[in-house]
Amino acid sequence: MKRDDLYDLAAFAAVAERGSFTRAAAELGMSQSALSHAMKALEERLGVRLLSRTTRSVSTTEAGETLLRSLRPALDEISSGVDAVSALRGKLSGTVRVTATKHAVSSVVMPVLPRFLASHPEIRVDMIVDDNLTDVVADRIDAGIRFGDIVEKDMIAVRIGPDIRISVVGAPSYFADHPVPRTPRDLAGHRCINYRYVRSGGLYAWDFEEKGRPFQVRVEGPLVFNNSDLIREAALAGQGIAYVYADEVAADVQAGRLKQILERWCPTYPGYYLYHPSRRHVPPALAALIGVLRYKR
């Protein structure tokens, strides 16, 4: 096999897995036209069509899918070998793909990321922000970050953050015109700011606890967002009651811009964990990221 063949096969795998010449070209650091030319040349050399192209998408043919299944283990082994050599020479390199919620990124990843990248300039961290529980194996992602109680039991999980407290808040201007709810069930008569999941389209039901027993309350209101920053802004503007992470509004509560309510019913979540599929073949770059994120009580 020629060197160009190996390069083109790796490029084919990128196109097939991303389903897009645009995304694959950006990942490979080459132009779309050059990538398209390389794929056509590869198909001509192999004498078979590998990719089915439309104006909107790219998918593998039956031959392409067969080739991809054979290629992926080999490419993974090559990547692991490169990472291992980099580790031996004292320089870690490569891309670490991590799926995490927005709050996890802002609260536990960003505080350590500048120091981590400064220490490892040849590592690239690709953060995929998604509030849904992502299948890291199916999506070929190195690791995920979620609350410890929802991580699958067959995953290797490392705690990377403290317990997370929930707050229910509203602006003083809102409560000047509306009575303060005494129990979560009193929220039925209030303007509440809802959160909508991007992938499923469903509205988040607010979780509460009473004497250690969890229960949910579905709330109503004129505003729905899929972004927690906008929920906080709407609450600050007096547009309703918000259900948020306590650390996101701690400064607002302390300054009196928001009033915290229903504290005795608000739950505490068991902190963020970084999880990945196996103890074997953990890329050195991922191991380094885990080391800097690991929670120290």
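What counts as what
- Residues numbered from 1 in each chain as written.
- Predicted model: local features only at pLDDT ≥ 70, side-chain atom pairs only at ≥ 80, totals over all residues.
- Heavy atoms only, no water.
- Salt bridge = Lys/Arg side-chain N within 4 Å of Asp/Glu carboxyl O.
- Helix = DSSP H or I, 4+ residues; strand = E, 2+ residues; numbered from the N terminus.
- Buried < 20%, exposed > 50% of the residue type's maximum accessible area, 1.4 Å probe, protein only.
- Expected span 1.5 Å × (residues − 1).
- Arc of directions from axis to C-beta.
- Phe/Tyr/Trp six-rings, centres within 6.5 Å; stacked < 30°, edge-to-face > 60°.
- Lys NZ or Arg CZ within 6 Å of the ring centre and 35° of its normal.
- Core = buried A, V, L, I, M, F, W, Y, C linked by side-chain atoms within 4.5 Å.

Undergrad: What exactly am I supposed to notice about the pattern of salt bridges here?
TA: Throughout the structure, instances matching the rule amount to eight salt bridges. Where arginine 53 meets glutamate 43, a salt bridge forms, and the shortest distance between an N and an O atom there is 3.6 Å. Remark: glutamate 43 occurs in helix H3 (residues 32–46) and arginine 53 occurs in strand E1 (residues 51–53); sequence separation between them is 10 residues. Look at arginine 53 and you get partly exposed, because its relative accessible area is 29%. One salt bridge in this structure joins aspartate 126 and arginine 97, with 3.8 Å as the shortest N-O distance. Placement of aspartate 126 in strand E4 (residues 123–129) and of arginine 97 in strand E3 (residues 94–100) is noted, with a sequence separation of 29 residues between them. Salt bridges here are not isolated pairs; linked through shared partners, they connect Arg232, Asp252 and Arg257.

Undergrad: Quick question: what am I supposed to make of H3 here?
TA: Think of an α-helix as 3.6 residues a turn; residues three or four steps apart then line up on the same face. An ideal rise of 1.5 Å per residue puts 21 Å on 15 residues; H3 measures up with 21 Å between its terminal C-alpha atoms. Residues of H3 that are buried: Leu35, Ala38, Met39, Leu42 and Glu43. The arc that holds every buried residue of H3, seen down its axis, measures 135°, which confines them to one face. Seen from the open side of H3, the exposed residues pointing more than 90 degrees away from its buried face are Ser33, His37 and Glu44. A positive phi of about 70° marks glycine 47, the residue just after H3.

Undergrad: How do you make sense of the packing of aromatic side chains when you look at a structure like this?
TA: The relation between two aromatic rings is expressed through the spacing of the ring centres and the mutual angle of the planes. All told, the structure shown has 10 aromatic pairs when counted by the stated rule. Arranged with centres 6.2 Å apart and planes meeting at 75°, the rings of tyrosine 197 and tyrosine 204 form a pair that is edge-to-face. A residue is classified by how much of its surface remains accessible, and tyrosine 197, at 24% relative accessible area, is partly exposed. Clustering of aromatic rings is evident, with ring pairs tying together Tyr195, Tyr197, Tyr204, Trp206, Phe208, Phe215 and Tyr243. Above the face of the phenylalanine 215 ring, arginine 185 is positioned so that its terminal group lies 4.5 Å from the ring centre. When the ring centre of tryptophan 265 is taken as origin, the NZ or CZ atom of arginine 264, which lies over that ring, is 4.4 Å away.

Undergrad: For this particular structure, what's the right way to read the nonpolar core?
TA: The nonpolar side chains of a soluble globular protein tend to be buried, and buried together. Counting residues in each nonpolar core, the largest one holds 58 residues, and the members touching the most others are Ile145, Val168, Trp206, Phe208 and Ile241. Broken down by element, the residue count for this core peaks at seven residues, all from helix H10 (residues 284–293). Met39, Leu50, Leu68 and Leu71 belong to the second-largest nonpolar core, a separate cluster that totals 21 residues.

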